[in-house]
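# Observations on chain architecture
If you want the building blocks of each chain, they are given just below.
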Amino acid sequence: MFIAIYVTAILVSLILHRQERRHRSEVALENQHLGQPTPASRPKLPMLESWLNVVLGIFLAFGFGTLFLWTNFSRLRDFPQDPRLTPQSFEWEFTSVILATGIALVILGIQSLIQNRRYSQIVGPEKK
């Protein structure tokens, strides 16, 4: 079930990203037709939220995710004969969701930090 949710989220993200690129190219074409410079696109997240995404993603991925993964593997190693004490499938799924969420937050946070930096270089600090 979790895999279906992530696959759907990725597909929707790709569709929306493509739509956004198409919109930007149409705006650029329209501005070019009017003889105006294309305005710089504002970042979606402010700098503070970008940093918080990175920090929270690192905390989830390397804190909780690796802790849960280590716990599951140690329970597999310590109790190989007793099926009651080995990790169940929902525990593996929960661990994978925590790891994937942390990694996604780190990636999205870094991307938004890059967008904020580019925007501040283009526009300048006085026009933010």
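As the structure is a computational prediction, the values presented were derived from the model and not from experiment. (Residues numbered from 1 in each chain as written. Predicted model: local features only at pLDDT ≥ 70, side-chain atom pairs only at ≥ 80, totals over all residues. Heavy atoms only, no water.)

## Thoughts on the overall build of the protein chain
Of regular secondary structure, the protein chain possesses three helices and zero strands. Listing the helices and strands of the protein chain from first to last along the sequence gives α-α-α. For a compact globule of 128 residues, the expected C-alpha radius of gyration is about 14 Å, and the protein chain comes in at 21 Å, more than 25% above that figure. Its C-alpha atoms give the protein chain principal-axis dimensions of about 75 × 30 × 15 Å. Per-residue burial for the protein chain yields a buried fraction of 22% across its 128 residues. (Helix = DSSP H or I, 4+ residues; strand = E, 2+ residues; numbered from the N terminus. Rg over C-alpha atoms; globule rule 2.2 N^0.38 Å. Buried < 20%, exposed > 50% of the residue type's maximum accessible area, 1.4 Å probe, protein only.)

## Comments concerning the side chain of N116
Looking at the element boundaries, N116 is found in helix α3 (residues 89–123). Its relative accessible area of 8% is what places N116 among the buried residues. Residues in contact with N116, not counting those within four places in the same chain, are P43, L45, P46, M47 and S50. (Contact = heavy atoms within 4.5 Å.)

## Some points on the packing of aromatic side chains
Using the criterion set out here, one finds four aromatic pairs in the structure. Residues F59 and F64 carry aromatic rings whose centres are separated by 5.2 Å and whose planes lie at 80 degrees to one another, so their mutual orientation is edge-to-face. Looking at F64, the relative accessible area reads 35%, which means it is partly exposed. The interplanar angle of 45 degrees and the centroid separation of 5.5 Å between the aromatic rings of F68 and F94 together place this pair among those described as tilted. With F68 in helix α2 (residues 47–78) and F94 in helix α3, this residue pair connects regions lying 26 residues apart in the sequence. Cluster of aromatic residues (ring-pair linked, three or more members): F59, F64, F68 and F94. (Phe/Tyr/Trp six-rings, centres within 6.5 Å; stacked < 30°, edge-to-face > 60°.)

## So, the pattern of salt bridges
One pass over the full model with this rule turns up three salt bridges. Ionic pairing is found between K44 and E20, a salt bridge with its closest N-O pair at 2.9 Å. Residue K44 is located in the loop between α1 (2–34) and α2, and its partner E20 is located in helix α1; the two are separated by 24 residues in the primary sequence. Of the residues examined, E20 reaches a relative accessible area of 22% and is grouped as partly exposed. Bridged by salt links that share partners, the residues E20, R24 and K44 form one connected network. (Salt bridge = Lys/Arg side-chain N within 4 Å of Asp/Glu carboxyl O.)

Note that every value here comes from positions in space, so none of it alone points to a role or purpose.
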